[in-house]
Amino acid sequence: MTIDRITTPNAPKPAGHYSQAVRFDDLIFVSGQLPVSLEGKARADLSFEEQVRVALGNMLAITKAAGSGPDRVLKVTAFIVGVDNWPAFNRVYAELFGESRPARSVVPVASLHHGCLVEVEAIAARGA
């Protein structure tokens, strides 16, 4: 079995030595996504909820490019600055995932790169 590197112009290019995602067999591993624009600008200036939308949007664009979607996401790990942001994260997350309910961990942290307030990574299955 081979490891395929996933790239899409619908999410920001990696800023370091990593892939947007890798696929092994039918599993897709999406790298951590900050709220970064397609042009590569960190959007720490946005509200927390807007940052969540951008970060999750990037993650979902990558899963789509890999042949998956929200209904095939198995596990999400979210890193959020400030435990007080948890309810806002839940609202946006539920809106974007709808009836899909992947396994999830939310990890409160002191800070994230570029002053961003959220980072998300995921494991998904390729579509049937």
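That block above? That's the structure.
Cut-offs used in this document
- The residue numbers shown here count from 1 along each chain, following its written sequence.
- pLDDT decides what is reported in this predicted model: residues at 70 or higher carry local features, side-chain atom pairs at 80 or more are listed and counted, and totals for whole chains, interfaces and linings draw on all residues regardless.
- Here the side-chain values reflect all heavy atoms present in the structure, with hydrogen atoms and water set aside.
- The criterion for strand pairing is that DSSP finds at least two bridges linking the strands in question.
- Secondary structure counts use DSSP, requiring at least four H or I residues in a row for a helix and at least two E residues in a row for a strand, with both numbered from the N terminus.
- In this description, a line fitted to the C-alpha atoms serves as the axis of each element, helices being fitted only across the stretch in contact, and the angle between N-to-C directions of two axes falls anywhere from 0 to 180 degrees.
- Throughout, a residue-residue contact means that at least one pair of heavy atoms, one from each residue, lies within 4.5 Å.
- Throughout, exposure labels follow a simple rule: accessible area from a 1.4 Å probe, protein chains only, divided by the maximum for the residue type, with under 20% read as buried, over 50% as exposed, and the rest as partly exposed.
- The rule is short: rings of Phe, Tyr and Trp, with Trp giving its six-membered ring, pair when the centres are within 6.5 Å, and they are stacked under 30 degrees, edge-to-face over 60, tilted in between.
- Sitting over a ring, as applied to charges here, requires NZ of Lys or CZ of Arg to be within 6 Å of the ring centre and within 35 degrees of the ring normal.
- Buried residues of nine kinds, namely Ala, Val, Leu, Ile, Met, Phe, Trp, Tyr and Cys, make up a nonpolar core once their side-chain atoms join them within 4.5 Å.

Chemist: What is the right way to read the sheet that holds strand E6 (residues 118–125) from this model?
Modeler: Picture the strands of a sheet paired through backbone hydrogen bonds; they go either parallel or antiparallel. The strand order across the open sheet built from six strands is E1-E2-E3-E6-E4-E5, with neighbouring strands paired in mixed fashion. Each edge of the sheet is formed by a strand with only one pairing partner; in this case those strands are strand E1 (3–6) and strand E5 (103–109). Here the strands of the sheet are splayed against their neighbours by 15° on average, with no regard to which way each runs. Pairing of E1 with strand E2 (residues 21–24), which is carried by four bridges, proceeds in the antiparallel orientation. For Arg5, the partnering residue across the bridge sits in E2 and is Val22. Set on the sheet, helix H1 (residues 48–65) makes contact with E1, E2, strand E3 (27–33), strand E4 (73–81) and E6; between it and E6 the angle comes to about 25°.

Chemist: Explain the side chain of Thr77 here, please?
Modeler: In this fold, Thr77 is placed in strand E4. Residue classification places Thr77 among the buried residues on the basis of a relative accessible area of 14%. Among all residues touching Thr77, those that are not within four sequence positions of it are Ser105, Val107, Glu119, Val120 and Glu121.

Chemist: Explain the packing of aromatic side chains here, please?
Modeler: For any pair of aromatic rings, the description rests on two quantities: the centre-to-centre distance and the angle between the ring planes. Applying the stated criterion across every chain, the model contains two aromatic pairs. Linked through ring pairs, Phe89, Tyr93 and Phe97 together constitute an aromatic cluster. Directly above the aromatic system of Tyr93 lies the positively charged group of Arg104, at a separation of 4.6 Å from the ring centroid.

Chemist: Any chance you could explain the nonpolar core here in plain terms?
Modeler: Membership of the largest hydrophobic core comes to 28 residues, with the highest contact counts inside it found for Met59, Phe89, Phe97, Val118 and Val120. Counting residues per element, the ones that place at least two in this core are E3, H1, E4, helix H2 (86–97) and E6. Among the elements that take part in this core, H1 stands out by supplying eight residues, more than any other. Setting aside residues up to four positions removed in sequence, Phe89 forms contacts with Phe48, Val52, Ala78, Ile80, Arg104, Val106, Val118 and Val120.

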